[in-house]
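Observations on chain architecture
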Amino acid sequence: MHLEEMKKEIETLVLEKGFYNEPEDIPKKLLFAFIELGEASDAWKKGESEEKIAEELVDVIFYVLDASRLACPSINMDEMFRRKLDKNKSREYQYGEGHRRM
Ligand SMILES: [Mg+2]
């Protein structure tokens, strides 16, 4: 499944379940993504199963894509993923981690 397909499925879920669905809800959705990152970290620290850790990481993806649906609706996230990956690939070795060379 591609990101744009996931966005559509998430939108359907949000509408069916009556979740937040307005542009002013974007900060909440991004906060929830952070909370899910914390849950993933906590699961890893507690030695929980890979299944549990992966489930929390998928929750992060859900909230990020849900926020993208409202924050930048005209952007195709599959195309953006490819463009950003290509951009990062074109950068220098250990870019953004200059502190590691000190
Ligand atoms: Mg969770």
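Refer to the structure above for everything that follows.
First things first, this report covers the structure right here in the doc. (Residues numbered from 1 in each chain as written. Predicted model: local features only at pLDDT ≥ 70, side-chain atom pairs only at ≥ 80, totals over all residues.)

**Looking at the overall build of the protein**
Helix and strand counts for the protein come out as 4 helices and 0 strands. Overall, the C-alpha framework of the protein stretches about 50 × 40 × 25 Å when taken along its three principal axes. A buried classification covers 9% of the 102 residues belonging to the protein. A sequence separation of at least 24 residues applies to 65% of the contacts in the protein between residues at least 6 apart. (Helix = DSSP H or I, 4+ residues; strand = E, 2+ residues; numbered from the N terminus. Buried ≥ 20, exposed ≤ 12 C-beta atoms within 10 Å, placed from the backbone. Contact = placed C-beta atoms within 7 Å.)

**Some words on the packing of helix 2 (residues 26–45) against helix 3 (residues 50–71)**
Close contact between helix 2 and helix 3 brings their axes to 8 Å; oriented N to C, the two are set at 170 degrees. With respect to each other, helix 2 and helix 3 are oriented roughly antiparallel. Regarding helix 2 and helix 3, the two cross each other, and that crossing is left-handed. Across the interface between the two elements, Ile26, Lys29, Leu30, Phe32, Ala33, Glu36, Leu37, Glu39, Ala40, Ala43 and Trp44 from helix 2 touch Lys52, Ile53, Glu56, Leu57, Asp59, Val60, Tyr63, Val64, Asp66, Ala67, Leu70 and Ala71 from helix 3. (Axes fitted to C-alpha atoms, helices over the stretch in contact; angles between N-to-C directions. Parallel < 35°, antiparallel > 145°, perpendicular 65-115°, else oblique. Left-handed = near helix turned anticlockwise from the far one by under 90°.)

**With respect to unusual backbone geometry**
A positive phi angle is found at glutamine 94, which is not glycine, with a value near 55 degrees. Locating glutamine 94 in the fold gives a position in the segment after helix 4 (77–89).

**Some thoughts on helix 2**
Given 3.6 residues per turn, any residue in an α-helix points the same way as the ones three and four places further on. Taking 1.5 Å of rise per residue, the 20 residues of helix 2 would be expected to cover 28 Å, and the 29 Å separating its terminal C-alpha atoms lies within 8% of that figure. Buried residues of helix 2: Lys29, Phe32, Glu36 and Ala40, and no others. Relative to the axis of helix 2, the buried residues are bounded by an arc of 90 degrees and lie together on one face. Facing away from the buried side of helix 2 by over 90 degrees, the exposed positions are Pro27, Leu31, Phe34, Gly38, Ser41 and Lys45. Close packing links the buried residues of helix 2 with helix 3. Phi turns positive, to about 70 degrees, at glycine 47, one or two residues after helix 2. (Expected span 1.5 Å × (residues − 1). Arc of directions from axis to C-beta.)

**Side note on the environment of isoleucine 35**
Within the fold, isoleucine 35 resides in helix 2. When the 14 C-beta atoms within 10 Å are taken as the criterion, isoleucine 35 is described as partly exposed. Along the sequence, isoleucine 35 and valine 60 sit 25 residues apart, while their C-alpha atoms lie 8.2 Å from each other.

**Some words on helix 1 (residues 3–17)**
The end-to-end C-alpha distance of helix 1 is 21 Å, a good match for the 21 Å that 15 residues give at a rise of 1.5 Å each. Glycine 18 sits one or two positions beyond helix 1 and adopts a positive phi of about 70 degrees.

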